Amino acid sequence: LSNKLVASCNRNIARAISYGDRVTYPYLTLLGEKDKMVDNEAIEVAFEDLAADKELKVIPSSLHELTKEPNNHAVFEQILKFTVQREKTGIKPFGTLVA
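In this text, all values refer to a predicted model and were calculated from it rather than measured experimentally. (Residues numbered from 1 in each chain as written. Predicted model: local features only at pLDDT ≥ 70, side-chain atom pairs only at ≥ 80, totals over all residues. Heavy atoms only, no water.)

Trainee: Looking at this model, I keep getting lost on the side chain of Glu69. Mind explaining?
Mentor: Here Glu69 shows up in the loop between strand S2 (54-59) and helix H3 (72-89). Despite its burial, Glu69 remains without a salt bridge, the nearest opposite charge being carried by Lys34 at 8.5 Å. If we ignore the near neighbours within four places in the chain, the residues touching Glu69 are Ser61, Ser62, Leu63 and His64. (Helix = DSSP H or I, 4+ residues; strand = E, 2+ residues; numbered from the N terminus. Buried < 20%, exposed > 50% of the residue type's maximum accessible area, 1.4 Å probe, protein only. Lys, Arg positive; Asp, Glu negative; His and termini not counted. Salt bridge = Lys/Arg side-chain N within 4 Å of Asp/Glu carboxyl O. Contact = heavy atoms within 4.5 Å.)

Dropping the structure here:
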């Protein structure tokens, strides 16, 4: 990876985390267990400051590009479960962000 790409990723992750307390819609975070591009521990710490309705799932044996992994079915399964559960319970629609 280039230094510019890594610096850009770090800057944008920090920016997203700084807005975490404004998120009012359901929030799903999926991490690859063997991801070398993202610091899973840092994401898990930052995750605590996000919306009240949130889930964090670590996809076993996966790297960074979760949908391209051999076990990508686990990624899609988590997304569908998260979405269906919130639709069933009538939680606020997705996409509402209080600025």
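Trainee: What am I meant to see in the pattern of salt bridges here?
Mentor: It is possible for side chains of opposite charge to pair when their charged atoms get near one another. One pass over the full model with this rule turns up four salt bridges. Two residues, Glu65 and Lys68, come together in a salt bridge whose shortest N-O distance is 3.0 Å. We classify Lys68 as exposed; its relative accessible area is 65%. The shortest N-O distance in the salt bridge between Lys81 and Glu77 comes to 3.0 Å. In this pair, Lys81 and Glu77 both sit in helix H3, four residues apart, roughly one turn of the helix. Under the relative-accessibility criterion, Glu77 is labelled partly exposed at 36%.

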